[in-house]
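# Structural overview
Residues per chain, in single letters:
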Amino acid sequence: MADLLPEDAAPPSGFDRRKFLTWLVASPTLMVAARCGLDLPSAQAAEPTTDPAALEETPLNLYVAVRTDGRVVATLPRTEMGQGITTAVTMLVAEELDTGLDAVDVCTADADPRWLIQLTGLSSTMRYLAGPLRAAAAEARARLVTAAAHRWRVLALTLTTTQGEVRAPDGRRLGYGELAEDAAHVLLPEVSPLPKSPGEYTVVGQPTGRVDARDIVTGAVRFTLDLDIPGAMPTVVARPPTLRGTVLSFNASTARAMPGVVGVVQLSSGVAVAARTFAQAFAARDALQVTWAPGPASHLSDADIRTRLRDAIGPRPLPPLLTTRVVEGRFDFPYLAHAPMETQSCVARVTGDVAEVWSGVQDPKFARNQVAAALGWALTPQRVTVHPIRAGGGFGRRFFTEAAVEAALISRSLGQPVKLMWSRNDEMRHGHYRPASHHRILASLGPGGSILGWQHRAAIPTVEFPHGFGDLLTSLAGQVLPEVTSALFFTLTQHVPYQFGWVAQELAEVPLPIPTASFRSVFTSQVGVANEIFVDQLARELQRDPVELRRSRLTSRRLKAVLDRVVLEGAWGRTLPPGVAQGVAVLEEWDSAIAHLVEVDVTSGTPRVLRVIIAADVGLPINPKGVEAQLQGAAMDAMSTTLSAGLHIDAGAVREGSFADYRWLRMKHAPASIQVHLVRSDNRVGGVGELGYPSAAAALANAIARATGTMPTRFPILDEGA
Amino acid sequence: MPAHQFILNGQPVSVESPSDLPLLWVLRDVLGVTGPKYGCGVGVCGACTSHLDGEAFRPCLHPVGEVAGHEVKTIEGLADAAGLHPVQQAWIAEDVAQCGFCQPGQIMAAVALLRRNPQPSDADIDAAMSDNVCRCGTYVRIRSAIHRAALLLRSAAGPQRR
Ligand code: FES
Ligand code: FES
């Protein structure tokens, strides 16, 4: 599936067989813990320990356990939201343990302060967990083999493992289940506890269908509101028309008397109604009479926001010496809602001095602290148990935990469990949004078509990261930096991959009282997109082919390789009918590189994407099918937000209320094919979740520019105002 | 409160509830049938798509009183004793799902399409499936899975027809 590039770059990171600290956990059956993420200097690479005190204090581990029935259980600090981590983790564990995929169960750990980082997002999961997972599984295998060797009184080195069994040369075999108890007492493995080298893989790297596919297609998968928590009452909240508006007063007498209504609770965010069914809760919510105070953004509409952003761009800097001409590009991006298919939801049960919540949270530890603080237990957050539940899409939205906080407060006030659901309107109009932005790019040209400078100034409302950056910055900056601001995040993540002389990219943060959040690819969803669109504009100015210009200025071997691949697979430059054109764009980020080639037809007036060709270098693709799915999905996101989906703000309120007016693309807009080609330069584990968005959006815009002769500068393109 | 009788996934059920309660909430909150999802409640997302007398419909828009005496099928009732429905098999083979939240509705819409039109073209699929949103962007795989299911259904039906 993947082509191998000849190695000449720096040694790969992330998936080499570096040491990760592992422990044998004192337990009746075999259980191995591994420390997540941070590598130990090899001098310190400790022997496994059974000291429970050391284990208690260990801040961050994942567990691989073998039960007496032979099942292997991997417990992780991550939430499945559709990214396929369950499948990838199952594959890694099955690989190292030589057992079947169907013998592995993957569990999400409840929020626990000892997980240093329990945040699912920012493309970090596999980069962060692959190493320790493999270490723990390989360690478990070594102990199972040693236990068998002791039982049979043979040399451990003569034994092999396959299909969940240890086998001896004389044909004797023992299932892992039969060895699980003995292996728990093996103090020193007598075979190598080192993970396999990628060359030995038979499972990892093979295109593999999702392990939960059957449960999904039969409707057996349980999302938060599908859980059967006894007595949990369906609950909805009447919310203000404006963002962060508040309740001035309300009259619930009609609502309380309606059929099925169980109770009404005032919150700072609105008025909650619990009833026997959601239909009755909605009906009673609509019967509430609430007087609202407008929210803090009620003086702001689209035009004001655009002016504020434009004003933050400031005067032009002096161009570099010898500049003969400066080319300017200006771009506007809208606010975007994450609009996950499953709206925000939470089941909560607060009794006396403990609380339990079930919710599809991207950061359970943050959720726990938020709920505890709301209940007045900031100093004793251990009274709150958070059960992370599989989520119907996250995309950055589920870092925020308003639903959990609301549900806990309502449950305490009513004295019974509740299942809180946000309506689609709530989800659209009371979210945290990918902020709008305005960009100015100045390209300084010199004699003979030389490129002397590239200044990009981006005015973006401050992005909220209350949950911190997790291990993302651990991997970027090599250490944990809890105090990072969005400005530093910008600096760390935004790069121009071209030799363009004097390159400067600056963030002008504009504080606006509209809630924000990270969105697939964070700042790159604007900065990176604008850059790649303007590279094409520069090619037009210089009368050069956009592929040829990129090739001549790219510094990364990986980027050149993926660009070459889409040029080949997509037959760049082939003859096309009038009104049909190709566009390309590239991106290197999250330790991965990607290129997109998009073909678009503008003959009907409304751009239609005909096909998308993607080449990606994600290092070792643990599950190529999963990588392909993520990249296809990100391409649809990019097409949706480039063409038709964007929010409008009218006097502090979000205009769009559902998928009827938030025009996310549908089947009829999907291209005939989205091909994914994997190029593999080495065995690092690159990020995938965010990777596929920015260059897909830019390649589409570039194709439209080449088809129509006009560079799109305002998004979404089909918005009347744009 | 009136009692409403209908056939749910092959079994007769009787529910006491106000006649105007949308069927989606009767299914989910009263009967505990959680396959059909809430995505909008107003008929624009398709997450709740199920079958009424074999045709795709949206339980969020239909009051329970309307389905009395009719046959309702949800994703839970699609597989039978013989195993998964060919559309479910095709969905697994094409590895369609990401988060999975929209997929019960997508599958039920696809089954209804194939019943009406056993050999749909891409244009037929666009027309029939464009009211079902997939926020994870699985459309190209859904399209392949529908073509694959059409083949499976034809090869299953073939011997019987002969
Ligand atoms: S919930 Fe029924 S169509 Fe959206
Ligand atoms: S698979 Fe997530 S919405 Fe379709």
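Residues numbered from 1 in each chain as written. Chains lettered and ligands numbered in written order. Predicted model: local features only at pLDDT ≥ 70, side-chain atom pairs only at ≥ 80, totals over all residues. Heavy atoms only, no water.

This part is about the overall build of chain A. The helix and strand inventory of chain A stands at 18 helices and 28 strands. Per-residue burial for chain A yields a buried fraction of 63% across its 722 residues. Of all intrachain contacts in chain A linking residues separated by at least 6 positions in sequence, the fraction that spans at least 24 positions is 78%. (Helix = DSSP H or I, 4+ residues; strand = E, 2+ residues; numbered from the N terminus. Buried < 20%, exposed > 50% of the residue type's maximum accessible area, 1.4 Å probe, protein only. Contact = heavy atoms within 4.5 Å.)

On to the domain arrangement of chain B, then. Residue and element names in this part refer to chain B. Each domain of chain B was delimited in the assignment, giving domain 1 (3-77) and domain 2 (86-155). The centre of domain 1, based on its C-alpha atoms, is set 21 Å off from the matching centre of domain 2. If you look at the interface, domain 1 gives 17 residues, while domain 2 gives 14 residues. Between domain 1 and domain 2 lies a buried interface of about 1200 Å² when both sides are counted; carbon and sulfur atoms form 60% of it. The interface formed by domain 1 and domain 2 includes one salt bridge. For the pair domain 1 and domain 2, the interface holds seven residue pairs in polar contact (both at pLDDT 80 or more). Contributions of two or more residues to the side of domain 1 that touches domain 2 are made by β3 (50-52) and β4 (55-57). (Domains from an automatic or database assignment. Buried area = accessible area lost by both parts, 1.4 Å probe. Salt bridge = Lys/Arg side-chain N within 4 Å of Asp/Glu carboxyl O. Polar contact = N/O pair within 3.5 Å; in protein donor to acceptor, adjacent residues only side chain to side chain.)

Moving on, we come to unusual backbone geometry. All names here are of chain A. Of note, the amide linkage connecting Phe 715 to Pro 716 takes the cis form, showing an omega dihedral of -5 degrees. Examined against the element boundaries, Pro 716 turns out to sit in the segment after α18 (694-708). Although it is not a glycine, Leu 322 sits at a positive phi angle of roughly 75 degrees. Checked against the element boundaries, Leu 322 lands in the loop between α8 (302-311) and β15 (325-333). Phi is positive for Ala 339, close to 45 degrees, though the residue is something other than glycine. Assessed through its relative accessible area of 2%, Ala 339 is described here as buried.

This part covers the environment of Gly 35 of chain B. Relative to the elements of secondary structure, Gly 35 of chain B occurs in the loop between α1 (23-30) and β3. For Gly 35 of chain B, a relative accessible area of 0% gives the class buried. Among all residues touching Gly 35 of chain B, those that are not within four sequence positions of it are Gly 219 of chain A together with Ile 75, Glu 76 and Pro 104 of chain B.

Moving on, we come to empty space enclosed by the protein. Tallied over the entire structure, the rule returns eight cavities of 30 Å³ or more. Taken as a whole, the second largest cavity holds about 80 Å³ of empty space. Lining the second largest cavity are Phe 223, Thr 224, Leu 225, Asp 226, Glu 342, Thr 343, Ser 345 and Met 421 of chain A together with Arg 28, Lys 37, Tyr 38 and Phe 101 of chain B. (1 Å grid on protein atoms, 1.4 Å probe; cavity = no way out; pocket = protein on both sides within 12 Å on 5 of 7 lines; lining within 4 Å. Points joined across faces, edges and corners; volume = space filled by probe spheres on them.)

A separate point is helix α4 (residues 103-116) of chain B. All names here are of chain B. For α4, which comprises 14 residues, the first-to-last C-alpha distance of 20 Å matches the rise-based estimate of 20 Å (1.5 Å per residue) to within 8%. Most of α4 sits inside the fold, with twelve of its 14 residues counted as buried. Those residues of α4 lying buried are Gln 103, Pro 104, Gly 105, Gln 106, Ile 107, Met 108, Ala 109, Ala 110, Val 111, Ala 112, Leu 113 and Leu 114. (Expected span 1.5 Å × (residues − 1).)

Take the environment of Thr 307 of chain A next. Among the secondary structure elements, Thr 307 of chain A is positioned in helix α8. Through-space distance from the C-alpha of Thr 307 of chain A to that of His 438 of chain A is 9.4 Å; in sequence the pair is 131 residues apart.

Moving on, we get to the UniProt feature "domain: Aldehyde oxidase/xanthine dehydrogenase a/b hammerhead" (unreviewed entry) in chain A. Feature annotation in UniProt places "domain: Aldehyde oxidase/xanthine dehydrogenase a/b hammerhead" (unreviewed entry) on residues 218-296 of chain A, given in this structure's numbering. Along residues 218-296 of chain A one finds 18% helix and 35% strand; the C-alpha atoms at either end are 45 Å apart. (UniProt positions renumbered as here; feature names shortened; annotations may be inferred.)

This paragraph deals with the interface of chain A and chain B. Listed as interface residues are 60 residues of chain A and, on the opposing side, 47 residues of chain B. Where chain A abuts chain B, roughly 4300 Å² becomes buried across the two surfaces, and 61% of that area is made up of carbon and sulfur atoms. Looking only at chain A, the three residues that lose the most surface to chain B are Val 217, Met 341 and Met 667 of chain A, adding up to 21% of its buried area. Applying the counting criterion to the chain A and chain B interface returns four salt bridges. Linking Asp 226 of chain A and Lys 37 of chain B is a salt bridge whose minimum nitrogen-to-oxygen distance equals 2.6 Å. Inspection of the chain A/chain B interface yields 25 residue pairs in polar contact (both at pLDDT 80 or more). Mapped onto the side of chain A that touches chain B, the elements with two or more residues apiece are α5 (213-217), α7 (278-287) and α17 (624-643) of chain A. The leading source of residues in the side of chain A that touches chain B is α17 of chain A, at eight residues.

Right, let's talk about the packing of helix α3 (residues 86-93) of chain B against α4 of chain B for a bit. Residue and element names in this part refer to chain B. Relative orientation of the contacting elements α3 and α4 amounts to 125 degrees, with a least axis distance of 9 Å. As far as their axial angle goes, α4 and α3 are oblique. Taken as a pair, α3 and α4 cross one another with a handedness that is right-handed. Contacts from Val 87, Gln 88 and Trp 91 of α3 reach α4 at Gln 103, Gln 106, Ile 107, Ala 110, Val 111 and Leu 114. (Axes fitted to C-alpha atoms, helices over the stretch in contact; angles between N-to-C directions. Parallel < 35°, antiparallel > 145°, perpendicular 65-115°, else oblique. Left-handed = near helix turned anticlockwise from the far one by under 90°.)

Moving on, we come to the pattern of salt bridges. Residue and element names in this part refer to chain A. In this structure the tally under the stated criterion is 45 salt bridges over all chains. A salt bridge links Glu 328 to Arg 316, with the shortest nitrogen-to-oxygen separation between them at 3.1 Å. You can see Glu 328 sitting in strand β15 and its partner Arg 316 sitting in the loop between α8 and β15, a full twelve residues away along the chain. Of the charged contacts in the structure, one is a salt bridge between Glu 599 and Arg 574, with a shortest N-O distance of 2.7 Å. With Glu 599 in strand β24 (residues 592-601) and Arg 574 in the loop between α16 (557-569) and β23 (580-589), this pair connects stretches of sequence that are 25 residues apart. By relative accessible area, which is 2% here, Glu 599 ends up buried. Salt bridges linked by common partners bring Glu 95, Asp 98, Arg 141 and Lys 196 together as one network.

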